[in-house]
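# Structural description and commentary
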Amino acid sequence: SKNKTNEKEQENATRSSRVRETSPSTSVAFPNFPTTLHPSSSTAIDTLHTPKPICSFRRAGFRGSRAWTNRSIRAHLRHRFCPRAMASPPPPLLLTLVWAAALLWCGGCDARFVVEKNSLRVTAPEALKGAYECAIGNFGVPQYGGTMVGVVAYPKANRKACKGFDDFDVSFKARPGALPTFLLVDRGDCYFTKKAWNAQNAGAAAILVADDRDEPLITMDTPEESGRVEYLENITIPSALISKSFGDRLKKTIDNGEMVNVNLDWRESLPHPDERVEYEFWTNSNDECGPKCDSQIDFVKSFKGAAQILEKKGYTQFTPHYITWYCPEAYTLSKQCKSQCINHGRYCAPDPEQDFSKGYDGKDVVVQNLRQVCVYKVAKESKKPWLWWDYVTDFAVRCPMKEMKYTKECADAVITSLGLDHKAIDKCIGDPDADEENPVLKAEQDAQIGKGSRGDVTILPTLVINNRQYRGKLDKGAVLKALCAGFRETTEPAVCLSEDIQTNECLENNGGCWQDKAANITACKDTFRGKVCECPVVKGVKFVGDGYTHCEASGAGRCEINNGGCWKETMNGRTYSACTADGCKCPDGFKGDGIHKCEDIDECKERTACQCKECNCKNTWGSYECGCSGGLLYMKEHDTCISKSAAAQVGWNFLWVVFFGLAAVGIAAYAVYKYRIRRYMDSEIRAIMAQYMPLENQGEIPSNSHHIEM
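In what follows, the accompanying structure is described.

Cut-offs applied
- Just so you know, the residues in each chain are numbered from 1, in the order the chain's sequence is written.
- The model is predicted, so local features are restricted to residues of pLDDT at least 70 and side-chain atom pairs to those at 80 or more, both for listing and for counting; the totals for chains, interfaces and linings are taken over all residues.
- The side-chain figures draw on all heavy atoms in the structure; neither hydrogens nor water molecules are used.
- Put simply, DSSP H or I for four residues or longer makes a helix, DSSP E for two residues or longer makes a strand, and each gets a number counted from the N terminus.
- Only protein chains enter the calculation, and the probe is 1.4 Å; a residue is then buried if its accessible area is under 20% of its type maximum, exposed if over 50%, and partly exposed in between.
- A pair of strands is labelled paired if DSSP reports no fewer than 2 bridges between them.
- In the sections that follow, a salt bridge refers to a side-chain nitrogen of Lys or Arg positioned within 4 Å of a carboxyl oxygen of Asp or Glu.
- We call two residues in contact when some of their heavy atoms are within 4.5 Å.
- Working convention: axes come from line fits to C-alpha atoms, limited for helices to the stretch in contact. Angles between N-to-C directions cover 0 to 180 degrees.
- Only residues above 30% relative accessible area that lack a salt bridge enter a patch, with like-charged residues linked at up to 9 Å and the nonpolar side chains Val, Leu, Ile, Met, Phe, Trp and Tyr linked at up to 5 Å.
- Surface accessibility in these figures is a Shrake-Rupley result with a 1.4 Å probe; residues are shielded only by whichever protein chains are displayed.
- Only four residue types enter the charge count, namely Lys and Arg as positive and Asp and Glu as negative; His and the chain termini do not.
- Charge coordinates come from a single atom per side chain, which is NZ of Lys, CZ of Arg, CG of Asp or CD of Glu.
- Roughly parallel here means an angle under 35 degrees, roughly antiparallel means over 145, roughly perpendicular means 65 to 115, and every remaining angle is called oblique.
- When residues are sorted by character, Ala, Val, Leu, Ile, Met, Phe, Trp, Tyr, Cys and Pro go into the nonpolar class, Asp, Glu, Lys and Arg into the charged class, and all the rest, Gly among them, into the polar class.

The residue after Ala124, namely Pro125, is reached through a cis peptide bond having omega 5°. Along the chain, Pro125 falls in the loop between strand 3 (117-124) and strand 4 (130-136). Despite not being glycine, Asn467 has its phi angle at roughly 65°, a positive value. For Lys539, which is not glycine, the phi torsion reads 55° and is therefore positive.

Of the two faces of strand 23 (residues 551-554), the one holding Cys551 and Ala553 is buried and the one holding Glu552 and Ser554 is not buried anywhere. Pairing of strand 22 (residues 541-545) with strand 23, which is carried by four bridges, proceeds in the antiparallel orientation. Residue pairing in the sheet places Lys542 in a bridge with Ser554 of strand 23.

What follows covers the pattern of salt bridges. Applying the stated criterion across every chain yields a total of 24 salt bridges. Notably, a salt bridge pairs Asp255 with Arg159, separated by 3.5 Å at the nearest N-O pair. Of this pair, Asp255 sits in helix 5 (residues 244-255) while Arg159 sits in the loop between strand 5 (147-153) and strand 6 (181-186), placing them 96 residues apart in sequence. Since its relative accessible area comes to 48%, Asp255 is described here as partly exposed. A residue is classified by how much of its surface remains accessible, and Arg159, at 27% relative accessible area, is partly exposed. Glu599 serves as the salt-bridge partner of Lys597, at 2.6 Å between the closest nitrogen and oxygen. According to the relative accessible area criterion, Lys597 is partly exposed, its value standing at 47%.

Read from one edge to the other, the open sheet built from four strands follows the order 12-11-15-16, with strand pairing classed as mixed. The sheet is open, and its two edges are formed by strand 12 (316-322) and strand 16 (468-469), each paired on a single side. Of the strand pairs in this sheet, strand 11 (residues 277-283) and strand 15 (residues 462-465) are connected by four bridges, and their pairing is antiparallel. Across the sheet, Trp282 pairs through a bridge with Thr462, a residue of strand 15. Contacts from helix 9 (residues 387-398) reach strand 11 and strand 12 within the one sheet, and its direction differs from that of strand 12 by about 40°.

The subject of this paragraph is a negative patch on the surface. A cluster of acidic residues, Glu233, Asp294, Asp298 and Asp475, forms a negative patch on the protein surface. Mapping Asp298 onto the fold places it in helix 6 (residues 291-312).

For the rest of this paragraph, the subject is the packing of helix 8 (residues 362-381) against helix 12 (residues 439-448). Packing of helix 8 against helix 12 leaves a shortest axis separation of 10 Å and a crossing angle of 95°. Judged by the angle between their axes, helix 8 and helix 12 are roughly perpendicular. Facing helix 8, whose interface residues are Val366, Leu370, Val373, Cys374 and Lys377, helix 12 presents Val440, Leu441 and Glu444. Here the contact of helix 8 with helix 12 is composed, by residue class, of six nonpolar, no polar and two charged.

Following this line, the structure appears as structure tokens:
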């Protein structure tokens, strides 16, 4: 165990020395930390992805080794904490503060930085066919919800793409009718973003970076000195890191002269379970942290309109979040902690100017972050959560740090202008000087820990969509595409189907779906992820079928929509239709399939009607006419002819029979009635007489009986 520890310490020292061998801007990762990449040099060290500065020691849950060297800590803090003053280390007490915070927290926690991935499928040649994973780069524009098909090219020169390909007279721009080019390059010697920019300028549609070491996939990120790299915001092609083994196979195949066809697939990179997208934006109110802060507020300003429309119409549920760290208990009374923290060191933020003697302090940033969270909460309680976007943009314009307006008074003026209750917001903020937990900031710290498929939030800013971290440029168009990819197919709002966001595949050849041109009905449905062939519902009538070759109206109202797709024709003022509730069936007098054709049946020719000796048959469209010669009358039910006079005599005889029958029934009923009445009267009379007179068959009562009773 001791030998392993010594080996680990030696490895740490070696890794630190590698940093000195590379450019001064190279950041350092601590051992066992989940890593993402800033530089791509094979000699550079993978960077620990925490917000700038180290503001996630409090809750990120890192599993760092306690055998960190002071040089590693100092180097890391120099690049993380003082990006604009690389030559000067931070104050010793601040180093101790962060070092203590790391030791206190890292002993019993489990960090989990999730590398977001997309699928790469090789379709040719046969030897490479299959699906492979690749890590999405945190720059450019990943095509969330979509796919790209192209041919992989591996340059013969400038294979690390650290120089412009114009210097080598090479172009990867696809010719008309050809597949786009995915440029495969080697990792090393320059930033990943530089490689992507050179590939884009050379005409590549995407860039694949092959790792130079056997390791799990990691996230390619932008360099810390992003303010000095002007091309970052102009990178629009997607990027992906592939494993060394897969990269070696691709290179070997291409060097052998074989063409490699690849499909990059981002359709499942973001979950899309239902008709509402839930997303979070981890940001910061500090406007003096350089290009990172500038990009955040620029994004908020440009995305505000789209975000508010989506929120108002119920398509999305947005939640802002803010990161804080804490001051170790032993240093809560120090000058640094008092200036950077509130609630006795529980919630801290770095000094905006990184100079404790001037400007605003870190605690001012913490309070403003807290105020922005409370603005959201109060606005949400009033059922207007979208007002957060108005507050943040207005505050950035009206209350900048440079003009010394980053104050509560300025914030209250913005709050009042938006019609929000600043007293309720002050109550939510609480007392920053109190020696107790603040429930709002405590919840923010807890939310930073990854749950489910979402890893810990360690990049600032970070966008989380449907519990999955977004990777790519923080740009209105790119983020809107990612949000649209989070909707279930056919439930996207109209903004996701605009030409600026996606291509309508139904416009070309109806997307290969079923279509009824006469009724202007189609089974092709345009979605953000592509077309869907699904039989439609029109005016309450549901069509059923496979959606590709056949759709048929069903239900009671099916005949109202294009006659249910059945035959229908009008002639000589008469209209016949084959549409029934059960399907298409030719009506009586016609024969055919009921869909395309129904032909008149000639009953006279086929001798199916009007066939009696005296009958004269004449066919009509959809029916027939039958007459009788000699003044006879045709009876259709019996298909026969009878005399009109005989028919009349029979009719009168029938009436007389009915009359006499009714009379007989009436007389019989009257007789029965009289008989029953007579019987009833007789029985009543006998009953009355029996009460007053003895019957003849009873004997006389002896005369002395009365005296006996007396």
